[in-house]
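For reference, the chains in residue letters:
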Amino acid sequence: MASLPPPPLPCVSPPVLPNVVALADDLSGAAETACALGGPVRLSLNAADVAEIAAAHDLVVDLDTRHLPAAEAAHAVRTALRAAQAGQPRLLYKKVDSQLRGHLAAEAAAYAEGATAVVIAPALPAARRTVTGGVVHVNGVPLHRTDGWRAERASAPRSLPEALSGLPVRAVPLDVVRSEPAALEAEFRRIAASGAHPAPDAETDADLDAVAAAALRLGPAFRLLGSGGLAAALGRTLLRPAAATAPPTPARDRTPLLFVVGTAEPGAVAQIAHLTALGAHHVPLDPADLAAGTVRLPRTVAAPALTVLSIDGSAGPRPGAGRVLSTALGALAAAYPGRPDLVLTGGETARTTLDALGTRELEPLGEIHHGAVHSRTPDGRHVVTRPGSHGAEDSLLRITVALRPRLAASTAAI
């Protein structure tokens with residue numbers, strides 16, 4: 001008797017990964033997170049979009065809370081969380097500044113509500129920002145010994161527990177992060193059971209990969225909070241589907257390119273010098289005039305190919321004046337003639353400029369260098385956003401070469 005053929009294998013669908021909802025406190029960080037997650041992603045400047053997320057996309061929302069009072073910033077996080085948790089399951093991510101600026105304690109406390117624990121990992125190895133012993137280091141120097149907070153009203157915190165005052169935090173040593181996955185998960189569980197939140201040390205992307213993988217295995221009750229470094233680790237761990245290739249765009253060499261430099265970083269002076277060497281028209285703006293609204297841009301017959309608007313920082317930083325200056329700078333940029341493409345440095349500057357233009361959404365196209373995210377607006381304008389603290393001396397030059405290769409090549413040949 002002939003043997004019967006084996007029964008057909010059951011048709012098993014691949015597991016459906018839940019969408020990620022990431023909440024950022026400024027626009028440059030939101031754009032960085034969108035690129036870091038990979039795959040199809042929507043980058044919104046409208047917090048209401050959390051409730052209307054498209055099923056096919058991850059969503060990154062800029063809550064724009066850096067300039068708000070701490071209580072209002074926490075309320076914005078709570079409101080977005082409630083919307084994100086309605087309906088289908090979603091993975092939650094809270095993007096924070098790798099130098100711990102912003103309303104970190106208030107927003108983290110709001111984000112932790114209802115969670116078993118929040119896994120806190122702000123390390124950003126690509127920018128040489130690491131965490132050892134629960135202390136953030138920048139280029140190997142403890143954060144509180146650097147000048148990273150020179151434009152802030154307060155002093156930099158000495159440790160993560162100090163930065164997250166009011167939220168119980170327990171550091172997880174590097175040897176545990178690099179141990180067997182089960183040991184790292186067990187440590188996360190032990191800390192959560194004690195009523196605290198784990199803050200694992202991390203010096204490399206591999207460390208962050210281990211942290212993200214362990215948190216995901218523990219389930220959605222363990223939420224993630226970190227910089228763009230942990231967001232990238234989350235994207236690698238989830239293996240998101242590749243984003244659709246952006247359709248080709250016509251050459252834009254004749255479209256003016258406007259750089260709006262709102263950062264107080266000292267390195268911005270050298271970055272701008274590379275552009276002026278290319279023939280860029282540089283307009284330094286007096287901060288007092290800018291705040292008073294008395295700045296008038298010089299009239300030109302035609303918009304130069306490259307223009308730089310920057311705040312004159314020769315008198316030093318002006319703590320607490322950031323939002324006023326960014327808003328005035330954004331209004332000037334939005335009114336600039338010739339409908340230029342934009343390069344916006346500093347999260348507040350990027351947000352106020354796009355607010356002045358009425359832009360509510362960006363389509364991320366790629367990353368020119370770490371943190372410099374190239375996006376497109378719904379009406380076709382090209383925009384690069386970059387955190388003020390990111391980028392080497394040639395950062396703005398590299399962005400110019402990426403956006404205007406012919407212009408850069410022809411200028412260099414002269």
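Residues numbered from 1 in each chain as written. Predicted model: local features only at pLDDT ≥ 70, side-chain atom pairs only at ≥ 80, totals over all residues. Heavy atoms only, no water.

## With respect to the overall build of the protein
Logical step 1: The number of helices and strands found in the protein is 14 helices and 18 strands.
Logical step 2: The buried share of the protein, reckoned over its 414 residues, is 50%.
Logical step 3: Contacts spanning at least 24 positions in sequence make up 73% of the contacts within the protein whose residues lie at least 6 apart.
Logical step 4: Summed over all atoms, the accessible surface of the protein reaches about 18100 Å², with 57% contributed by carbon and sulfur. (Helix = DSSP H or I, 4+ residues; strand = E, 2+ residues; numbered from the N terminus. Buried < 20%, exposed > 50% of the residue type's maximum accessible area, 1.4 Å probe, protein only. Contact = heavy atoms within 4.5 Å. Areas by Shrake-Rupley, 256 points an atom, 1.4 Å probe, with all protein chains shown as cover.)

## A short note on empty space enclosed by the protein
Empty space among the atoms becomes apparent when a probe as large as a water molecule is rolled across them.
Logical step 1: Counted according to the given criterion, the structure contains two cavities of 30 Å³ or more.
Logical step 2: Roughly 50 Å³ of internal volume is contained in the largest cavity.
Logical step 3: The wall of the largest cavity is formed by Asp25, Lys94, Val96, Asp97, Arg101, Gly102, His103, Leu104 and Glu107.
Logical step 4: Residue composition of the lining of the largest cavity, by class: two nonpolar, two polar and five charged. (1 Å grid on protein atoms, 1.4 Å probe; cavity = no way out; pocket = protein on both sides within 12 Å on 5 of 7 lines; lining within 4 Å. Points joined across faces, edges and corners; volume = space filled by probe spheres on them. Nonpolar A, V, L, I, M, F, W, Y, C, P; charged D, E, K, R; others polar.)

## Brief notes about the layout of surface pockets
Logical step 1: As a volume, the second largest pocket reaches approximately 440 Å³.
Logical step 2: Elements with a contribution of two residues or more to the lining of the second largest pocket: α9 (267-277) and α13 (395-403).
Logical step 3: Classifying every residue of the lining of the second largest pocket gives six nonpolar, 13 polar and eight charged.

## Re the packing of aromatic side chains
Logical step 1: Under the criterion given, the structure shown has zero aromatic pairs.
Logical step 2: Across the ring face of Tyr111, the terminal group of Arg223 is positioned such that the distance to the ring centre comes to 5.8 Å. (Phe/Tyr/Trp six-rings, centres within 6.5 Å; stacked < 30°, edge-to-face > 60°. Lys NZ or Arg CZ within 6 Å of the ring centre and 35° of its normal.)

## What about the sheet that holds strand β6 (residues 129-132)?
Logical step 1: Judged by pairing direction, the sheet is antiparallel, and its three strands sit side by side in the order β6-β7-β8 without closing on themselves. Two strands bound the open sheet, and with one partner strand each, they are β6 and β8 (141-142).
Logical step 2: As defined by bridge partners, strand β7 (residues 135-138) adjoins β8 across two bridges and the pair is classed as antiparallel. Of the residues in β8, the one forming a bridge with His137 is Pro142. (Pairing = 2+ DSSP bridges.)

## Comments concerning the pattern of salt bridges
Logical step 1: Counted according to the given criterion, the structure contains 23 salt bridges.
Logical step 2: Among the salt bridges present, the one from Asp207 reaches Arg178, with a minimum N-O distance of 2.8 Å. Placement of the pair is Asp207 in helix α7 (residues 205-218) and Arg178 in the loop between α5 (174-177) and α6 (181-193), with a sequence separation of 29 residues.
Logical step 3: Assessed through its relative accessible area of 4%, Asp207 is described here as buried.
Logical step 4: Here Arg404 makes a salt bridge to Asp341, at a shortest N to O gap of 2.9 Å. Taken as a pair, Arg404 in the loop between α13 and α14 (405-412) and Asp341 in strand β15 (residues 341-345) lie far apart in primary sequence, 63 residues in all.
Logical step 5: The exposure class of Arg404 is buried, given its relative accessible area of 2%.
Logical step 6: According to the relative accessible area criterion, Asp341 is buried, its value standing at 1%.
Logical step 7: Through salt bridges with shared partners, a single ionic network connects Asp62, Asp64, Arg323, Glu348, Arg351, Asp355 and Arg360. (Salt bridge = Lys/Arg side-chain N within 4 Å of Asp/Glu carboxyl O.)

## Here's the deal with α6
Logical step 1: Taking 1.5 Å per residue, 13 residues should reach 18 Å; α6 reaches 18 Å between its end C-alpha atoms and fits that length.
Logical step 2: For α6, every residue scored as buried is listed here: Leu184, Glu185, Glu187, Phe188, Ile191 and Ala192. Along α6, the residues classed as buried sweep out an arc of 155 degrees about the axis, all on the same side. Turned more than 90 degrees away from the buried face of α6, the exposed residues are Ala182 and Ala193.
Logical step 3: Backbone geometry just downstream of α6 places Gly195 in the positive-phi region, at approximately 90 degrees. (Expected span 1.5 Å × (residues − 1). Arc of directions from axis to C-beta.)

## Description of the nonpolar core
Logical step 1: Counting residues in each nonpolar core, the largest one holds 95 residues, and the members touching the most others are Val50, Phe188, Leu230 and Leu290.
Logical step 2: Sequence-distant contacts of Leu230, that is, excluding residues within four places in its chain, are made with Tyr93, Ala121, Ala123, Leu208, Val211, Ala212, Leu224 and Leu225.
Logical step 3: Listed in part, the 16 residues of the second largest apolar core include Leu257, Phe259, Leu275 and Leu278. (Core = buried A, V, L, I, M, F, W, Y, C linked by side-chain atoms within 4.5 Å.)

## Quick notes on the pairing of strand β11 (residues 222-226)
Logical step 1: Counting buried residues in β11 gives five out of five residues, a clear majority hidden from the surface.
Logical step 2: Residues Phe222, Leu224 and Gly226 point to one face of β11 and Arg223 and Leu225 to the other, with burial holding for every one of them.

## Comments concerning the packing of α7 against helix α8 (residues 228-238)
Logical step 1: Relative to each other, α7 and α8 sit at 60 degrees, their axes nearing to 8 Å. Of the two elements, α7 crosses α8, and the hand of that crossing is right-handed. Listed contacts from α8 to Asp205, Leu208, Asp209, Val211, Ala212, Ala213 and Leu216 of α7 are Gly229, Leu230, Ala233, Leu234, Arg236, Thr237 and Leu238.
Logical step 2: Here the contact of α7 with α8 is built from residues that sort into nine nonpolar, two polar and three charged. (Axes fitted to C-alpha atoms, helices over the stretch in contact; angles between N-to-C directions. Left-handed = near helix turned anticlockwise from the far one by under 90°.)

## Concerning the pairing of strand β1 (residues 19-24)
Logical step 1: Among the six residues that make up β1, six are buried, leaving the element largely enclosed by the rest of the structure.
Logical step 2: Burial of the side chains of β1 extends over both faces: Asn19, Val21 and Leu23 are buried on one face and Val20, Ala22 and Ala24 on the other.
Logical step 3: Note: β1 against strand β4 (residues 90-95), five bridges, orientation parallel. The partner of Ala22 across the bridge, within β4, is Tyr93.
Logical step 4: Where β1 and strand β3 (residues 58-62) come together, four bridges link them in parallel fashion. Residue Leu23 lies in a different strand from β3, and its bridge partner there is Val61.

## Some points on the side chain of Arg323
Logical step 1: Tracing the backbone through its elements, the reader meets Arg323 in helix α11 (residues 322-334).
Logical step 2: Of note is the side chain of Arg323, whose polar atom sits 3.5 Å from the side chain of His67.
Logical step 3: Among all residues touching Arg323, those that are not within four sequence positions of it are Asp64, His67, Glu348, Arg351 and Thr352. (Polar contact = N/O pair within 3.5 Å; in protein donor to acceptor, adjacent residues only side chain to side chain.)

## Describing helix α1 (residues 27-37)
Logical step 1: By the criterion of burial, α1 is predominantly enclosed, with nine of the 11 residues buried.
Logical step 2: Taken residue by residue, α1 has Leu27, Ser28, Gly29, Ala30, Ala31, Glu32, Thr33, Ala34 and Leu37 as its buried positions.

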